[in-house]
Amino acid sequence: MFSPKKNSEWIKNLLTTPEGLHLDYKQSLSSQRKIAKTLLSFANTEGGTVVVGVSDRKQVLGIDPEEEMFMATEAVEKYCQPSFPITFEVYEVPLFTDSEPTEEKYLLLIHVPKSDRAPHALTEENQKPVYYRRKHDRSVPFQLPEHP
């Protein structure tokens, strides 16, 4: 079970921040492979946070936090070698109609620290491992240097 935090001002400020080296927004986690790529790119670079439950236009859509936490945890275990720790925060965000709160939606923040076990690879059965790092607001592949 999770206990949501309530800090509407902090969330409003967060939603004014553009995606970048340390921040990514997702509507939901529909693909474990895709979220694994984003999470490991943060671990391979400087760390970062994925905010789940927000549209591309930064509209709070809300999600089921437990389902999304499960997806993220499974993604790291299934696709990331070596695995790395991630932590979660759930925020309850009130939505207003005519200045009255009408319902509450949940946002999930997935925090990824910079890894001291990097580099981490995206691994899939019968595929070569692919390494990603964060560059601006994207997860981009990179090659490991060849050892002589």
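Every chain's residues receive numbers from 1 upward, in the order its sequence appears when written. It should be noted that, the model being predicted, local features are given only for residues of pLDDT at least 70 and side-chain atom pairs only at 80 or more, the latter also being counted only at that level, while totals for whole chains, interfaces and linings use all residues. With hydrogens and water stripped out, all remaining heavy atoms of the structure feed into the side-chain values.

Trainee: How should I be thinking about the sheet that holds strand E7 (residues 130–135) in this particular structure?
Mentor: Hydrogen bonds along the backbone pair up the strands of a sheet, which may run parallel or antiparallel. A pair of strands is treated as paired once DSSP finds two or more bridges between them. Put simply, DSSP marks the helices as runs of H or I at least four residues long and the strands as runs of E at least two long, and each gets a number from the N terminus on. The four strands lie next to each other as E3-E6-E7-E8, forming an open sheet whose pairing is antiparallel. Here the strands that pair on one side only, and so sit at the sheet edges, are strand E3 (80–81) and strand E8 (138–142). Judged from the two bridges that link them, E3 and strand E6 (residues 121–122) form a sheet pairing that is antiparallel. The residue of E6 that forms the bridge with cysteine 80 is leucine 122.

Trainee: I keep staring at the pairing of strand E1 (residues 23–26) and nothing clicks. Help me out?
Mentor: Along any regular strand the residues' side chains alternate between the sheet's two faces. Judged from the four bridges that link them, E1 and strand E2 (residues 48–52) form a sheet pairing that is parallel. Looking at E2, one finds that tyrosine 25 is bridged to valine 51. Looking down the strands as they point away from the viewer, one classifies a crossover as right-handed if the path from the first strand across the helix to the second runs clockwise. For the handedness criterion, the β-α-β arrangement of E1, helix H2 (residues 32–44) and E2 is classed as right-handed.

Trainee: I keep staring at the environment of methionine 71 and nothing clicks. Help me out?
Mentor: Topologically, methionine 71 is positioned in helix H3 (residues 65–79). The class of methionine 71 is buried, set by a relative accessible area of 16%. Counting along the chain gives 39 residues from methionine 71 to glutamine 32, while the straight-line C-alpha distance between them is 6.2 Å. Non-local contacts of methionine 71, meaning those with residues more than four positions away in its chain, are made with Leu29, Ser30, Ser31 and Gln32. The classification of residues rests on relative accessible area computed with a 1.4 Å probe and restricted to protein chains. Under 20% of the type maximum is buried, over 50% is exposed, and intermediate values are partly exposed. Contacts are assigned to residue pairs that have any heavy atoms within 4.5 Å of one another.

Trainee: Looking at this structure, how should I read the pattern of salt bridges?
Mentor: Once the charged atoms of two side chains with opposite charge are near each other, the side chains can pair. We count a salt bridge whenever a side-chain nitrogen from Lys or Arg sits within 4 Å of a carboxyl oxygen from Asp or Glu. Within the structure shown, the criterion is met by eight salt bridges. For glutamate 89, the salt bridge goes to lysine 5, with nearest N and O atoms at 2.4 Å. A residue pair is termed long-range when its members are at least 10 positions apart, and glutamate 89 in strand E4 (residues 87–97) and lysine 5 in the segment before helix H1 (8–15) qualify at 84 residues. Among the residues examined, glutamate 89 registers a relative accessible area of 18% and is labelled buried. The class of lysine 5 is partly exposed, set by a relative accessible area of 39%. The closest approach of N and O atoms between glutamate 92 and lysine 6, which form a salt bridge, is 2.8 Å. A residue pair is termed long-range when its members are at least 10 positions apart, and glutamate 92 in strand E4 and lysine 6 in the segment before H1 qualify at 86 residues. In the salt-bridge network here, residues are joined through shared partners; they are Lys6, Glu92 and Glu104.

Trainee: What should I look at first to understand the side chain of threonine 38 in this one?
Mentor: Structurally, threonine 38 is set in helix H2. In contact with threonine 38, not counting residues within four places along its chain, are Asp24, Lys26, Val50, Arg134 and Ser139.

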